[in-house]
Amino acid sequence: MITIEKSLTIPALLLTLLLALPGIGNAQQDYYFDEETSFDPDIPSPQEFLGYEIGSHFTRYDRIVAYLERLAELSDKATIEEIGRTYEYRPQVKLTITSPENHARMDQIRAQRGQVTDLSAPGPDPASEPAVVALDYGVHGDETSSAEASMLTAYYLVAEQGAETRRFLEETVVHIDPSLNPDGRDRAASWHNMYKSFPPVADPADREHEQAWPGGRTNHFWHDLNRDWFALTQRESRNRMDFYHQWYPHLQIDFHEMGTGSSYFLEPTKPVRTWNPVLPDYHYEVMNPLIAQYQTDALDGLGALYWTKEVYDNIAPIYGATYPDMWGGVGSTFEVGSSRGLVQESDGGKVTFRSTIRRHLATGIATVRAAVEEKQRLFEYQRGFFEGALEQAADQPVRAYVFGDSADRTLTSNFLELVLDHRLEVYELGQDVELDGRTFQSGSSYVIPTEQVGYRTLHDIFESNTSFPDSVFYDITAWSLVQGYGIPYGEMTSGNPSALQGERVTDVPSYSGQVHGGVSDYAYLMSWDDYNAPAALYQLQDRGVRTRAAFQPFTAATSGGDRSFGYGSIVIPVRGQELNPQALHDTLASVAESYGVDLHATGTGMTPGGVDLGSRNIEPLDKPEAAMIVGEGVSSYGAGEVQFMLNMHLGMGVTRLAKSELGGESLQRYNTLIMVDGYYGDLEQGTVEEIRRWVRDGGLLIADEGGAAWAIREGLAGEDLIMSYQDTTSGQPRYNYEESSDRYLANTVPGVILEADIDPTHPVAFGASDRRQLFMKDGGFMLRPSSNPYATVARYVEEPLVGGHVNEENLGRIAGTAAVVTGGTGSGDVVLFAQNPTFRSYWHTTKRLFLNALLFGRNM
């Protein structure tokens, strides 16, 4: 007899009746699992819990978490923990599945896993310790099948009653992260559910299959979290990094989707040509194919097509499938051809949401099977990996890296935090030392010995590679973080690093800035050296404090004696402020404390050296009021990086103007307009004229790549600065057809580090410590140097390559071109970047140039 609750709606009532009928509730289960599979009836399946069949609807993230919580509530095989929150306050969770016996000693297992890098202790015994498997789903939020598969995988491991599954749980600890990107996941799920049709429409042109800008791929700040495992710029990445280093998984799988016309990709990748050179060949030659055998067997069992050894590479440590490789695990990427909706037509027939979920389910279970069957080898490999790291470190010339900047405590601390997040050994610098022509001071610098088990990660943080066995790459080919930070560092190649080592560092020291010299009745001064100086300046402006900037250096008399102030230093006169002297001091003290910068009181405008404080070279600054064009055709990555920088670094909001509606927006309330890379050729002519007038009337336009190209073509830069590719071929070459894709990729600029000569006296370059500046270039857009000899802020040197791969033809084209140019029309100014200055939010050297343009650009 079926009891009907009065509160049930008609659709819910019908579903309840259907599920109660014999055989109906198992119909979907038979699709995803073998008919003979036996499940614990006390554990609800996902469809029983959610009220719909998996694959018929896109499950909201909160409901996914609720189901995993229910499993943990009902079963002694599962526990769930929150590891952090996203920017939109969704919980990041890990479901841990293992046997009840293993759960009973979980603290011991976790402690043992956290000590696997301690080679002085006996290695863990695979006969008595479980292997660790991390199944990570949906780092790209609109690759939606994986999060659905995570529920089915969890259900199978918790509820399936067969002998093999019992062995799985005895021999492994499985961590399931249902979505590495909860915010993006819900954007995508909402879109697909909003446009769901009854019945589903398979036509690729249907709105369900074409998400609106920016889509659900990225997180709240439109960052690609799959490329943030190394740089750790986003909250979600930092939260999961701490969890990772508690467990050091033996196997870690990153579940993705790709184009609808594709089948299924899994490891191994292309032999040799796309391997990270710092990792042992054994990893790629033996371990990856060994584990892949289990996964391909599972796909063969489904009759599912798949492919390996094409397109994707393992060269960069930035992904969820390559970072674990740096710590003795075996990481793998799984990509399934996506339905991008409930069903979509493709050349190979209709691709259903259910079929994509089913394949991820099969390979996930196969991965656990691989961990059990190959446990002995996985344990041995990880132990040998760490031993090999020490041997590798001993065989290379650098004994230690020293880094630090006494003038920039913030950037030094930020880099130190990054290194500690990666669990590397760091020590205070015990004595002053000179390395590579730089002096590093004890008290503001740190030393990292290379002979440590994390050497391979350390190597990739500090070293750039320019030698590759191939010229075809999936993504960037350079990623050394120390160069992106622009932090001074040196290499110790002789002697014993322990002679330089002070106390080991486990936490980042906190700095509290202050106003030196008490309350002034004349002026306060702030150097432009510290990474947080732009943030402090904006916060003062936002509080109504009138500020000025030094366009010439000077020396000032302060309470601590004469002190030098370089280009861009901030002068805050006491007279003319809306605040009285005491209130002004208190405001400055509050900002100084919050942002870790120091200000110095002075009682006179007469300086011992350089310009005086009343000089015309110390100019009043306007508070930036910025807008940024967003929408279809605009790079969501570039826009997200700018917003992240302004929000999280400066504490500044930026108005986002939809490109499609820009004609109806007045620009008059803004003094700055930002155009990141993208296509702007579809702007209506009236809008183009409005932007032209706005610039001529004194507006500041900051643009990069596609935005810069548009500004030049529309005459906003004052001259034609676009460098076009030259045809270097003679005659008509003939190639084999199969080479077309590789030749195209080989002719790109796939994320390389290049050296430019920068003018540190230019307002856009204020704060640069020397003329050598490193840029990350990820694309072929090039700028011609300006005919105005003072307007080329940075220009690539004749031999610019520092890290990564770019072919000789493109390198020759880039050499001597401009990296940053200024121009303008009328009384307005334009700052143009030939590459993304906010690249993935970790290229801080050029982020500073962008902030200079924002804060000083109206004074050029």
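Take the packing of aromatic side chains next. Applying the stated criterion to the full structure yields 46 aromatic pairs. With 5.9 Å between their ring centres and 65° between their planes, Tyr 842 and Trp 843 make a pair best called edge-to-face. By relative accessible area, Trp 843 is classed as buried at 0%. A network of ring pairs unites the aromatic residues Trp 229, Tyr 244, Tyr 248, Tyr 282, Tyr 323, Trp 327, Tyr 381, Phe 385 and Phe 386 as a single cluster. Its guanidinium or amino end placed over the ring of Tyr 31, Arg 354 lies 3.9 Å from that ring's centre, counting from NZ or CZ. Here the basic side chain of Lys 659 rests over the ring of Tyr 680, its NZ or CZ set 5.7 Å away from the ring centre.

As a further point, take the sheet that holds strand β20 (residues 554-558). Strand order in this open sheet of three strands is β21-β20-β24, and the pairing throughout is antiparallel. Because the sheet does not close on itself, it has two edges, and the strands there are β21 (561-565) and β24 (609-610). Where β20 lies against β21, five bridges are found, and the strand directions are antiparallel. Following the sheet pairing, Thr 555 is matched in β21 by Ser 564.

This part is about the nonpolar core. Ranked by internal contacts, the top residues of the largest apolar core, which has 121 residues, are Leu 95, Ile 97, Leu 135, Phe 403, Phe 415 and Phe 462. Every residue in contact with Leu 135, bar those within four places of it in the chain, is listed here: Thr 153, Val 174, His 175, Ile 176, Asp 177, Ile 253, Phe 255, Gly 364, Thr 367 and Val 368. One finds Met 645, Val 695, Ile 814 and Ala 853 within the second-largest nonpolar core, a separate group that totals 74 residues.

Another aspect to go through is the pattern of salt bridges. Across all of its chains, the model carries 33 salt bridges by this definition. Measuring nitrogen to oxygen at the nearest pair gives 3.5 Å for the salt bridge that ties Arg 227 to Asp 475. Separated by 248 residues along the polypeptide, Arg 227 in the loop between α9 (182-194) and α10 (235-247) and Asp 475 in the loop between α15 (455-462) and α16 (481-485) bring together distant segments of the chain. A residue is classified by how much of its surface remains accessible, and Arg 227, at 10% relative accessible area, is buried. Judged by relative accessible area, which is 13%, Asp 475 ranks as buried. Residues joined by salt bridges that share partners form a network here, namely Glu 143, Arg 217, Asp 224, Arg 227, Asp 475 and Arg 840.

For α15, a buried count of seven out of eight residues is recorded, marking the element as mostly surrounded by other parts of the structure. Buried residues of α15: Tyr 455, Arg 456, Thr 457, Leu 458, Asp 460, Ile 461 and Phe 462, and no others. Contact partners of the buried residues in α15: α13 (375-394), β10 (400-404), α14 (409-421), β14 (445-449), α16 and β15 (489-492).

The next thing to look at is the environment of Ile 253. Among the structural elements, Ile 253 can be located in strand β5 (residues 251-258). Classification of Ile 253 by relative accessible area gives buried; the value is 1%. Each C-alpha atom, one on Ile 253 and one on Glu 88, is 25 Å from the other, the two residues being 165 residues apart in sequence. Those residues in contact with Ile 253 that sit more than four places away from it in its chain are Ala 134, Leu 135, Asp 136, Gln 295, Ser 332, Phe 334 and Thr 367.

Across residues other than glycine, the phi torsion is negative in most instances, and most of the peptide bonds are trans. Cis geometry marks the peptide bond from Trp 213 to Pro 214; its omega dihedral reads 5°. Locating Pro 214 in the fold gives a position in the loop between α9 and α10. Along the chain, Glu 267 connects to Pro 268 via a cis peptide bond; the corresponding omega equals 5°. Here Pro 268 is to be found in the loop between β6 (264-265) and α11 (281-302). The phi torsion at Arg 340 lies on the positive side, around 45°, for a residue other than glycine. Within the secondary structure, Arg 340 is located in the loop between β7 (330-337) and β8 (343-346). You will see that Arg 840, though not glycine, has its phi angle at about 50°, which is positive. Mapped onto the elements, Arg 840 comes out in the loop between β36 (829-833) and α24 (844-856).

Between its terminal C-alpha atoms α11 stretches 31 Å, which fits the 32 Å expected from 22 residues at 1.5 Å a residue. Taking the largest bend as the criterion, α11 deviates by roughly 30°, centred on Gln 293. Of all the residues in α11, the buried ones are His 283, Tyr 284, Met 287, Asn 288, Leu 290, Ile 291, Ala 292, Tyr 294, Gln 295, Thr 296, Ala 298 and Leu 299. Looking at the buried positions of α11, the neighbouring elements they touch are β5, β6, β7, α12 (353-373) and α13. Note on α11: the residue one or two positions beyond its end, Gly 303, has a positive phi of about 70°.

Inspection of the secondary structure assignment puts His 103 in helix α5 (residues 100-104). The class for His 103 is buried, based on a relative accessible area of 14%. One polar contact links the side chain of His 103 to the main-chain carbonyl oxygen of Lys 77, over a distance of 2.9 Å. When residues no more than four places from it in sequence are discounted, the contact partners of His 103 are Asp 76, Lys 77, Ala 78, Thr 79, Thr 96, Ile 97 and Thr 98.

About the cut-offs
Residues numbered from 1 in each chain as written. Predicted model: local features only at pLDDT ≥ 70, side-chain atom pairs only at ≥ 80, totals over all residues. Heavy atoms only, no water. Phe/Tyr/Trp six-rings, centres within 6.5 Å; stacked < 30°, edge-to-face > 60°. Buried < 20%, exposed > 50% of the residue type's maximum accessible area, 1.4 Å probe, protein only. Lys NZ or Arg CZ within 6 Å of the ring centre and 35° of its normal. Pairing = 2+ DSSP bridges. Helix = DSSP H or I, 4+ residues; strand = E, 2+ residues; numbered from the N terminus. Core = buried A, V, L, I, M, F, W, Y, C linked by side-chain atoms within 4.5 Å. Contact = heavy atoms within 4.5 Å. Salt bridge = Lys/Arg side-chain N within 4 Å of Asp/Glu carboxyl O. Expected span 1.5 Å × (residues − 1). Bend = angle between axes of the 7 residues up to and from the residue. Polar contact = N/O pair within 3.5 Å; in protein donor to acceptor, adjacent residues only side chain to side chain.

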